[in-house]
Amino acid sequence: MSEIIELARRAREASYALAEASRATKDAALHAMAAALRANTDAIVAANAVDVAAAREAGTPESTVDRLALTPARVDGMAAGLEQLAGLTDPVGEVVRGYTLPNGLELRQVRVPFGVVGIIYEARPNVTADAAGICLKSGNAVLLRGSSSAASSNEAIIAVLRDAAESAGLPADVVQGVPTDRAAVKELMQARGLVDVLIPRGGAGLIKTVVGESSVPVIETGVGNCHVYVDADADLDLALDILLNAKTQRPSVCNAAESLLVHASVADEFLPRALSALAEAGVTVHGDPAVVAAGKDVVAATEDDYAAEYNSLDLSAAVVDSLEAAVQHIRRYSSGHTEAIITRSQSAARRFTQAVDSAAVVVNASTRFTDGGEFGFGAEIGISTQKLHARGPMGLPEMTSTKYIVTGEGQLRT
């Protein structure tokens, strides 16, 4: 038996105990995990320092190093996320719908765990704790395959979480790490029957590989080429504030804005202000001819720029003649994550939200709000850009399936 199959088999066994665990037991485990993270902060940060040093030595971009790095404050944030999960309603057993059929049968559709969830993710070791916690709360055993760049960090975090789960009366194997070599990942993607669902969380290359090569069902999380569209009837002061927040507040994450569209009727007034403010914030703008003409430091955009998820202080920009042109641009280049419109027109907002087919469509607010925590879901597994089962930030309910419970008194079908 290979190592991966053995890990998956142990996860399957652990999932049976976890599926029957009470909310009190799961919440106690989450609190124990949070306390253990805080108690082991120094060891976790020390392990992370090994990964950060190796990343810098390898010439890794600082935006990626930022996603990799852990500080005591970030470890405390991981612990706080687990405590927040403990305070959320347990989705397992929730009745989605229920009624009595004409023949007297009582029908209930209830939420149940998937069973075993495999998560393949890149760089960010805080995902290790988030994913373990949200899977545990939703009744799922989890197989965590982080990137090799965070191997020391993830190993330290997983060891702490396993010990804490066991101290609360759950099998340690509800949380397991998966080796980072390619052969192990390929085997994980083929472990159909032992692993119920895989969730890739990372760049476009990772997601494409998992979706294309996995025989295990996949919930696809997507990259974020998020757009901000400044409409003809926009409050331009508000638009500038939102644009700067969406682009610069944390540019390395998937809900940061990557593309700016400006209606031609306000471009002459808005673009000089926006380009000046973006330049002051260190943003390089890749623009179409109209945007290039409006600012001396603008780089001419290529086709690839409009489709890019930069994860850096870069932004594509274009002037459009109408709301419809903005929608067409978004349909062509968007990754289906989050798009925002800035407008005072209710009809424009209504048309935009109807026409744009993304997981989240925002009116007069930053794209940075597309997040499980900001939506009140607690920690999230990722943001799904597909349309089956889950879409948008995936919290606890999205980590469950359902089953039907049918209760009768001897009814027979005729």
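Rules used throughout
- Residues numbered from 1 in each chain as written.
- Predicted model: local features only at pLDDT ≥ 70, side-chain atom pairs only at ≥ 80, totals over all residues.
- Heavy atoms only, no water.
- Helix = DSSP H or I, 4+ residues; strand = E, 2+ residues; numbered from the N terminus.
- Axes fitted to C-alpha atoms, helices over the stretch in contact; angles between N-to-C directions.
- Parallel < 35°, antiparallel > 145°, perpendicular 65-115°, else oblique.
- Left-handed = near helix turned anticlockwise from the far one by under 90°.
- Contact = heavy atoms within 4.5 Å.
- Nonpolar A, V, L, I, M, F, W, Y, C, P; charged D, E, K, R; others polar.
- Patch = residues over 30% accessible without salt bridge, like charges linked within 9 Å, V, L, I, M, F, W, Y side chains within 5 Å.
- Areas by Shrake-Rupley, 256 points an atom, 1.4 Å probe, with all protein chains shown as cover.
- Salt bridge = Lys/Arg side-chain N within 4 Å of Asp/Glu carboxyl O.
- Buried < 20%, exposed > 50% of the residue type's maximum accessible area, 1.4 Å probe, protein only.
- Pairing = 2+ DSSP bridges.
- UniProt positions renumbered as here; feature names shortened; annotations may be inferred.
- Domains from an automatic or database assignment.
- Buried area = accessible area lost by both parts, 1.4 Å probe.
- Polar contact = N/O pair within 3.5 Å; in protein donor to acceptor, adjacent residues only side chain to side chain.

**A look at unusual backbone geometry**
Backbone geometry places Asn311, a non-glycine residue, at a positive phi of 55°. One non-glycine residue, Asn364, lies in positive phi territory at about 55°. Of note, Asn364 is situated in the loop between β13 (360-363) and β14 (383-384).

**Details of the packing of helix α2 (residues 23-39) against helix α6 (residues 126-137)**
Two elements in contact, α2 and α6, have axes separated by 9 Å at closest approach and are oriented at 165°. Considering their axes alone, α2 and α6 lie roughly antiparallel with respect to each other. Every pair of crossing elements has a handedness; the one defined by α2 and α6 is right-handed. Listed contacts from α6 to Arg23, Lys26, Asp27, Ala29, Leu30, Met33 and Leu37 of α2 are Ala129, Gly133, Leu136 and Lys137. When its residues are assigned to classes, the contact of α2 with α6 shows six nonpolar, one polar and four charged.

**Looking at a nonpolar patch on the surface**
A cluster of nonpolar side chains, namely Phe369, Phe375 and Phe377, defines an oily patch on the protein surface of about 270 Å² accessible area. We classify Phe377 as partly exposed; its relative accessible area is 32%.

**Section: the sheet that holds strand β16 (residues 400-407)**
Ordered in space as β1-β2-β16, the three strands form an open sheet in which the pairing is antiparallel. Strand pairing shows two members of the sheet lacking a second neighbour, β1 (95-100) and β16, which therefore form its edges. Mean inter-strand twist for the sheet, computed between neighbouring axes without regard to direction, equals 20°. Pairing geometry for β1 and strand β2 (residues 106-113), over five bridges, is antiparallel. Pairing of Tyr99 across the sheet is with Leu107, part of β2.

**Side note on the UniProt feature "domain: Aldehyde dehydrogenase" (unreviewed entry) in the chain**
The residues that UniProt annotates with the feature "domain: Aldehyde dehydrogenase" (unreviewed entry) are residues 4-283. Structurally, residues 4-283 comprises 53% helix and 16% strand, and the distance from its first C-alpha atom to its last is 44 Å.

**Some thoughts on the pattern of salt bridges**
Counted according to the given criterion, the structure contains 21 salt bridges. The partner of Lys247 in a salt bridge is Glu258, with the nearest N and O atoms 2.8 Å apart. With Lys247 in helix α10 (residues 236-248) and Glu258 in strand β8 (residues 257-263), this residue pair connects regions lying eleven residues apart in the sequence. In this structure, Lys247 and Glu258 share a single accessibility class: buried. Note that Glu324 is salt-bridged to Arg351, the shortest N-O span being 2.7 Å. Residue Glu324 is found in helix α14 (residues 323-333), and its partner Arg351 is found in helix α15 (residues 346-355); the two are separated by 27 residues along the sequence. Overall, Glu324 belongs to the partly exposed group, its relative accessible area being 35%. Residues participating in the shared-partner salt-bridge network are Arg10, Arg162 and Asp173.

**Quick word on the packing of α14 against α15**
In contact at an axis separation of 11 Å, α14 and α15 are set at 20° when each is read in the N-to-C sense. By the angle class used here, α14 and α15 are roughly parallel. Where α14 crosses over α15, the two elements pack in a sense that is right-handed. Contacts between α14 and α15 involve Leu323, Glu324, Val327, Ile330 and Arg331 from the first element and Ala348, Arg351, Phe352 and Ala355 from the second. In terms of residue class, the contact of α14 with α15 is built from six nonpolar, no polar and three charged.

**Description of the domain arrangement of the chain**
Annotation of the chain at the domain level lists domain 1 (3-221 + 381-406) and domain 2 (226-369). Placing the centre of domain 1 and that of domain 2 at their C-alpha centroids yields a distance of 33 Å. Facing eleven residues of domain 1, the contacting portion of domain 2 comprises eleven residues. For the pair domain 1 and domain 2, the summed buried surface comes to about 870 Å²; carbon and sulfur atoms form 44% of the total. Its largest share of buried area at the contact with domain 2, domain 1 owes to Arg67, Ile383 and Arg391, together 46% of the area lost on that side. Counting across the interface, domain 1 meets domain 2 through three salt bridges. Across the salt bridge formed by Asp357 and Lys387, the nearest N and O atoms sit 2.5 Å from each other. Counting across the interface, domain 1 meets domain 2 through three residue pairs in polar contact (both at pLDDT 80 or more). For the side of domain 1 that touches domain 2, the secondary structure elements donating two or more residues are α4 (62-68) and β14. Counting residues per element, the side of domain 1 that touches domain 2 draws most heavily on α4, at three residues.

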